[in-house]
Amino acid sequence: MQGIVCVLLAALAVMCVPGSAVADPYPVTIVDDRNVAVTIEARPQRISSLGAFAADMAASLGAEPMGTTTYNGVRALYLGDALDGAVDLGSMLQPNLELMTENRTDLIIGMRRYTEAHADDFGRLAPYLAYELLTYEDSKRAIASAAAAMGHEEKGARFNTEFEELVVDHAAKAPGGVSAVFIWLWQDALFAYYDHPMPASFLGALKVRNVMGPSPNPLLHENAGRPISYEELLALDPDVLMIYRAEGNSYPDNPALRRLNAVRNNRAFHVGYQYSQPHGPIARELVFREMSHLFYPEIFAKPDLGEGIAAEPISFEQ
């Protein structure tokens, strides 16, 4: 763990006094994003994080999840040694129920669209909470809810308040006049985000124009974006290009990519794991601070995130 990652983990965790010193609120009943009321009888000690969100929450509260799923076999690197003792539960789409049973999980938290199909199985093991985790509003709601489930309701409220203060501060300093796009790359297919899902929603807060604009059908909550061709990307030609490379180790050497102004001006970046699941307190602050720097390097300092976490300029194989 390096730089701002270590500092942020320490700063968030110091908010939280040990569980024995906190008034015991249990049992508590939490209504999750399925609109299901879930009762948690005692303070969770062995949390299964299906996705990065609950692991991020636990680390923010100075704890460690019992286990966490991985993406293509990779953990959330940005959480550093906070996951050193966590069991690898496998894929978020098919988490290892045997390991969860063997390790006596007492709370299961996951992204609704990927885990709800297994709700009955999870419910037989432990209380299960499912969150939408797409927009900034989803992030705020889930952080408040999960913090309450973990026995730290006040800390969840503080996480949200302090982050909102950071957003307001950076918005006041951002001059605007920049365009950008966030893209999820799978093999050689490009999927570009509309305005509403995180992390693209931070563009508006920083006065950056998202070349994809708003969703054409805002009533479809999960309509995060759409596939675009390399030729369309070139026609949109954003000043800053951010790509999360979900699969594969190199970028397609497409002529359109090389012609982008963002590439020519060294403002095309491969971004880290935290951009793929940016809804926890740690991930969203790392992402927001780094995006602020990528858009306005003369105003916002480059965060010290460390290798494999920080954004890296996109390069092409020769």
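What this report covers is the structure whose coordinates are included nearby.

### Some remarks on the pattern of salt bridges
Per the counting criterion, the structure on display carries 11 salt bridges. Asp32 is the salt-bridge partner of Arg34, the closest N and O atoms lying 2.7 Å from each other. The two residues Arg34 and Asp32 agree in class, both being buried. Where Asp33 meets Arg141, a salt bridge forms, and the shortest distance between an N and an O atom there is 2.9 Å. Here the residue Asp33 occupies a position in the loop between β1 (28–31) and β2 (37–40), and Arg141 occupies one in helix α6 (residues 136–149), the gap between them amounting to 108 residues. Three or more residues are tied together by salt bridges with common partners; here these are Asp33, Asp138 and Arg141.

### Remarks on the packing of aromatic side chains
Aromatic ring pairs are described here by two measures, namely the spacing of the ring centres and the angle between the planes. This model, assessed by the stated rule, comprises 14 aromatic pairs. Ring geometry for Phe53 against Tyr131: centres 5.9 Å apart, planes inclined by 70°, an arrangement best described as edge-to-face. Here Tyr131 lies in strand β7 (residues 128–131) and Phe53 lies in helix α2 (residues 53–60), a separation of 78 residues in the sequence. Each of the two residues, Phe53 as well as Tyr131, counts as buried. Geometrically, the ring pair formed by Phe182 and Tyr193 is edge-to-face, given 4.9 Å between the ring centres and 70° between the ring planes. One end of the pair, Phe182, is in strand β8 (residues 178–186); the other, Tyr193, is in strand β9 (residues 189–193), and 11 residues separate them in sequence. Members of the aromatic cluster, connected to one another through ring pairs, are Tyr136, Phe163, Phe202 and Phe288. For Lys140, the ring lying beneath its charged end belongs to Tyr136, and the centroid distance is 4.7 Å.

### Comments concerning the nonpolar core
Counting residues in each nonpolar core, the largest one holds 46 residues, and the members touching the most others are Tyr78, Met242, Met291 and Phe295. Put simply, the parts of the chain that give this core at least two residues each are α2, α7 (153–173), β8, α8 (201–205), β12 (240–247) and α12 (281–295). Sorting elements by how many residues they give to this core places α12 first, with 8 residues. Setting aside its immediate chain neighbours within four residues, Phe295 contacts Val178, Ala180, Leu203, Leu206, Val208, Val240, Met242 and Arg267. Within the second largest apolar cluster, 25 residues are counted, among which are Tyr26, Val28, Met92 and Ala146.

Calculation rules
- Residues numbered from 1 in each chain as written.
- Predicted model: local features only at pLDDT ≥ 70, side-chain atom pairs only at ≥ 80, totals over all residues.
- Heavy atoms only, no water.
- Salt bridge = Lys/Arg side-chain N within 4 Å of Asp/Glu carboxyl O.
- Buried < 20%, exposed > 50% of the residue type's maximum accessible area, 1.4 Å probe, protein only.
- Helix = DSSP H or I, 4+ residues; strand = E, 2+ residues; numbered from the N terminus.
- Phe/Tyr/Trp six-rings, centres within 6.5 Å; stacked < 30°, edge-to-face > 60°.
- Lys NZ or Arg CZ within 6 Å of the ring centre and 35° of its normal.
- Core = buried A, V, L, I, M, F, W, Y, C linked by side-chain atoms within 4.5 Å.
- Contact = heavy atoms within 4.5 Å.

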